[in-house]
Amino acid sequence: MSIRPVKKTVAAQPTMEGAGVKLHRAFGFHDPRELDPFLLFDDFRNEKEEDYIQGFPWHPHRGIETITYVLSGSVEHKDSLGNKGELNAGDVQWMTAGSGIMHQEMPQGNENGQMHGFQLWANLPASMKMTSPRYQDVESNDVPTIVDDDGTSVRVVVGEFWGKKGPVDGIAADPQYLDISVPAGGRKVFKVDTYRNSFAYVFAGAGSFRDASKPVGILTEKEVNGEEIHIRDMSGDRTLVYFDSGDEIVVQAGEEGIRFLLISGKPIQEPVAWHGPIVMNTRQELMDAVKELNAGTFIKESGTDWKN
């Protein structure tokens with residue numbers, strides 16, 4: 001067994017998307033080879049309705065899959081093919097855009113006005129970019145949770161772990177997506193396939209991974225006595241951890257425990273031509289997609305058959 005060292009840690013950066021949703025971007029619009037097959041990861045976490053209520057109005061997707069995981073509040077979604085639904089706390093949606101779709105996502109807060117969720121973009125290989133769009137909507141109760149003897153808790157969103165299999169299947173990258181909580185002072189070892197790219201995203205508590213210093217918190221705006229000030233916020237660390245090669249990761253939880261996503265996927269290793277939510281293999285394919293979008297021919301009646 002070989003422990004994966006940490007290549008680097010970075011803080012998710014504040015940004016704005018959609019019609020004015022405030023969020024933190026851990027990675028995106030970077031070198032797509034770095035975390036292949038993953039392209040973008042956003043943490044949308046807000047306490048005030050005005051920071052998210054305008055949502056993400058109609059926008060296109062082609063050539064990728066979007067994975068939405070809601071922790072609090074809800075997200076109403078609908079698309080140009082007539083699909084619609086609502087994701088609530090603990091629910092997961094794996095949307096395969098395939099040949100093209102117009103999509104809308106509108107978040108709502110919980111009873112306290114809080115909204116928290118994540119969205120991950122995964123690339124599709126060339127053979128699947130023009131498949132028919134599809135959804136896998138999974139309710140919270142269908143996501144298996146495993147609790148170890150020491151109190152460590154793992155939700156298996158996708159993939160297999162500790163003898164349990166997540167409910168989402170037929171995904172090109174053959175990913176593993178885990179929501180892990182390690183109690184205060186705990187030290188755990190988790191296996192990760194040697195041939196997959198892997199990252200962790202810390203979003204509550206603090207701790208350290210092998211060869212990495214303890215997360216120090218994110219500089220965040222807070223209102224104190226009517227004034228906006230910047231403080232180090234340890235309530236949700238928002239630290240992205242890049243791992244090097246190996247088949248295990250080690251985490252040491254801090255005094256308040258640690259909660260993080262552990263995500264890995266099989267690299268596609270194909271050229272990427274990328275413009276916003278459209279990801280193809282060549283510049284010409286990308287230009288054709290944009291032309292279709294402008295001409296109103298972006299949505300196809302049906303794509304090619306699925307290849308699982």
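Caption draft 1: Expanded view of the sheet that holds strand S5 (residues 56-61). The strand order S5-S10-S7-S8 describes an open sheet built from 4 strands, whose pairing is antiparallel. Taken across any chain shown, the strands that pair with only one partner, and hence form the sheet edges, are S5 and strand S8 (84-87). Sheet twist, expressed as the average angle between the axes of neighbouring strands with direction ignored, equals 25°. Pairing of strand S7 (residues 74-79) with strand S10 (residues 101-108), which is carried by 6 bridges, proceeds in the antiparallel orientation. Across the sheet, the residue bridging to His 77 is Glu 105, located in S10.

Caption draft 2: Region of the structure containing the packing of aromatic side chains. Using the criterion set out here, one finds 19 aromatic pairs in the structure. Aromatic pair Phe 29 and Trp 121: ring centres 6.3 Å apart, planes at 75°, arrangement edge-to-face. Here the residue Phe 29 occupies a position in the loop between strand S3 (21-28) and strand S4 (38-46), and Trp 121 occupies one in strand S11 (residues 115-123), the gap between them amounting to 92 residues. On the accessibility criterion, Phe 29 (44% relative accessible area) is partly exposed. For Trp 121, a relative accessible area of 8% corresponds to the buried category. Seen in terms of ring centroids, Phe 41 and Tyr 201 are 4.8 Å apart; in terms of plane orientation they differ by 55°. Their pairing is tilted. Of this pair, Phe 41 sits in strand S4 while Tyr 201 sits in strand S19 (residues 197-209), and the two are 160 residues apart along the sequence. For the pair Phe 41 and Tyr 201, a shared accessibility class is recorded, and that class is buried. Taken together through their ring pairs, the aromatic side chains of Phe 27, Phe 38, Phe 41, Tyr 69, Phe 118, Tyr 177, Phe 199, Tyr 201 and Phe 203 make up a single cluster.

Caption draft 3: Structural detail: the sheet that holds strand S6 (residues 64-72). The strand order across the open sheet built from 7 strands is S2-S3-S4-S11-S6-S9-S12, with neighbouring strands paired in antiparallel fashion. Unpaired on one side and paired on the other, strand S2 (13-17) and strand S12 (134-138) mark the two borders of the sheet. This sheet shows a mean twist of 20° between the axes of neighbouring strands, independent of strand direction. The pairing of S4 with S11 spans 8 bridges and is antiparallel. By the bridge assignment for S11, Leu 40 is matched with Trp 121.

Caption draft 4: Region of the structure containing the pairing of strand S23 (residues 248-265). The element S23 is extensively covered by neighbouring structure, given that 14 of its 18 residues are classed as buried. Here strand S17 (residues 176-182) runs beside S23; their pairing, made up of 7 bridges, is antiparallel. For Gln 176, the partnering residue across the bridge sits in S23 and is Ser 264. Pairing analysis gives 5 bridges linking strand S18 (residues 187-191) to S23, with the strands arranged antiparallel. Its bridge partner lying in S23, Arg 187 is registered against Gln 252. Sheet topology places S19 next to S23; 11 bridges connect them, and they run antiparallel.

The rules we used
Residues numbered from 1 in each chain as written. Predicted model: local features only at pLDDT ≥ 70, side-chain atom pairs only at ≥ 80, totals over all residues. Heavy atoms only, no water. Pairing = 2+ DSSP bridges. Helix = DSSP H or I, 4+ residues; strand = E, 2+ residues; numbered from the N terminus. Axes fitted to C-alpha atoms, helices over the stretch in contact; angles between N-to-C directions. Phe/Tyr/Trp six-rings, centres within 6.5 Å; stacked < 30°, edge-to-face > 60°. Buried < 20%, exposed > 50% of the residue type's maximum accessible area, 1.4 Å probe, protein only.

Function cannot be inferred from these measures alone, as they are strictly geometric.
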